[in-house]
Amino acid sequence: MPAVTVDDILQLPRISEPDPAVAQERPVVSITTAPKGYEGEGFPVRRAFAGVDLRDLDPFIHMDQMGEVDYAPGEPKGTAWHPHRGFETVTYIIDGTFRHQDSNGGGGLITNGDTQWMTAGGGILHIEEPPEELVVSGGLFHGFQLWVNLPSRLKMTVPRYQDIRAGQVALLSSPDGGTLVRVIAGEVDGHPGPGVTHTPIALLHASLEPGAQLRLPWRSDFNALGYVLAGSGAVGQAKRPVRTGQLVVFGPGDAITVAAGERRDGPSHGLDILVLGGQPIREPVAAYGPFVMNTRDELVQAFEDFQAGRLGSIPAEPHPGHDVL
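Residues numbered from 1 in each chain as written. Predicted model: local features only at pLDDT ≥ 70, side-chain atom pairs only at ≥ 80, totals over all residues. Heavy atoms only, no water.

Visitor: If you had to explain helix α3 (residues 296–307) to someone new, which residues and values would you point to?
Guide: Its twelve residues place the ends of α3 17 Å apart at the C-alpha level, agreeing with the 16 Å of an ideal helix rising 1.5 Å per residue. Within the span of α3, buried status applies to Leu-299, Ala-302 and Asp-305. Axial view of α3: buried residues confined to an arc of 125 degrees, hence all on one face. Exposed residues on α3 whose side chains face more than 90 degrees from its buried face are Arg-296, Asp-297 and Gln-307. On its buried side, α3 packs onto β24 (286–288) and β25 (291–293). Gly-309 occupies a position one or two residues after α3 and carries a positive phi of about 80 degrees. (Helix = DSSP H or I, 4+ residues; strand = E, 2+ residues; numbered from the N terminus. Expected span 1.5 Å × (residues − 1). Buried < 20%, exposed > 50% of the residue type's maximum accessible area, 1.4 Å probe, protein only. Arc of directions from axis to C-beta. Contact = heavy atoms within 4.5 Å.)

Listed below in C-alpha cells is the structure:
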C-alpha cells in the first residue's frame, strides 16, 4: 500500500499528543463490517457505510472501498458516463491509476496517492475509468470514493474540480514515529491538507507500524469515523478489535485513539486506516442513485433536468488521425 511514503518519518512534523488530563477520549459507538459488491462496469467494492444511520455519518453520505484487487490483463473496469447533483465526490487512489473526465472541463489521471475532488453542485456528468494501458497490462488497483453532502444553500452551486497531487498532502508523524499520517483535507493539530471543502471536514490516511498507537486531537464539533483499509488493530480506550473492511463510529469527545496489532496481518505491514469527520449539516436527506437532495420533489427535478440535458453534455473527444476544427 504505497500511497505516499517517506524515507525518514522522524524528519516530519509531529502531531501533538492530546493531554489525557484535559482531552475527552471519544468512545466507540459501533463497529460494522462492509459488505462486498460491484460498481460501475463491474469493479469490486466494499460498501463502507452500509447499515450505519445517516445521523452518525452526517455530513457524509456514501463511501466505497474500491479493491484491493490485482487485475489480470483485460480485466480493469470503470464506470460509464453518469450524472451527479447536490454533493461532492472525493476519489483517493492508493494503488493503480484511474482517469476522470467531466462535462465541466475537469479531469486527468489520478494515481498512487492522488485525489480528485469533484463538486457536483447543481449538476455534472462524469466518467471514471482505467487508462487503456492499464486495461492491457492489468495490475493492482486500490482506492476509495467518498460522497460529502452539501447544505441546501449550496446544493446548486457551480461545479468545481480539484486535482490534488500526492506530493501536496500534508505529511505528519505520531509522537513515537510509528505512524505516518497523510492529511488530505481539513486540518490535524493545526496542519492543513490541500483539499478545499464547502462542508467543513477533516480527512486523513494513517499507516501504523505493528504495535504502534496513534492518539489524534479531533474537533469536538465534528463527528468521527474510522475505516480500516488494511490490517488489524484496536480502537478507543477499550481497545475494541478492528480489521480490514470495518467502519468505526466514534462518540463525542476531542481525542481519537487507534492502535495496530503487534504482528503483521496478511499482506498488510500494520494498520492502514482512514479517519474522517465533519460538521454535521442536520438537514433532511433525499438520496436516490446519483443525486443527493433535501426533498423528493428536488430528486424528481434532478431526474427531469438530467433527462432534458440540463446537467451538462458529454464532451466530444478527437479521434486519432482526424483534424479537429
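Visitor: Quick rundown of the nonpolar core? Include the residues and the values.
Guide: Here is a general trend for soluble globular proteins: nonpolar side chains tend to be buried in one another's company. Membership of the largest hydrophobic core comes to 34 residues, with the highest contact counts inside it found for Phe-49 and Leu-146. At the level of secondary structure, the elements contributing two or more residues to this core comprise β4 (60–71), β6 (87–95), β11 (139–149), β14 (179–185), β17 (201–208), β19 (224–235), β21 (246–250) and β23 (271–278). Setting aside anything within four residues of it in sequence, one finds Phe-49 in contact with Leu-57, Phe-60, Ile-61, His-62, Met-63, Leu-146, Leu-225, Leu-247 and Leu-276. Judged by nonpolar contacts, the second largest core, of 28 residues, contains Ala-224, Val-248, Ile-256 and Val-275. (Core = buried A, V, L, I, M, F, W, Y, C linked by side-chain atoms within 4.5 Å.)

Visitor: Tell me about the sheet that holds β4, residues and numbers included.
Guide: Read across the sheet, seven strands follow the order β2-β3-β4-β11-β6-β9-β12 without closing on themselves; strand pairing throughout is antiparallel. Across the chains shown, the open sheet's two edge strands, defined by having one partner strand only, are β2 (36–39) and β12 (160–164). Taken over all neighbouring pairs, the strand axes of this sheet differ in orientation by 25 degrees on average, direction set aside. Pairing between β4 and β11: ten bridges, direction antiparallel. (Pairing = 2+ DSSP bridges. Axes fitted to C-alpha atoms, helices over the stretch in contact; angles between N-to-C directions.)

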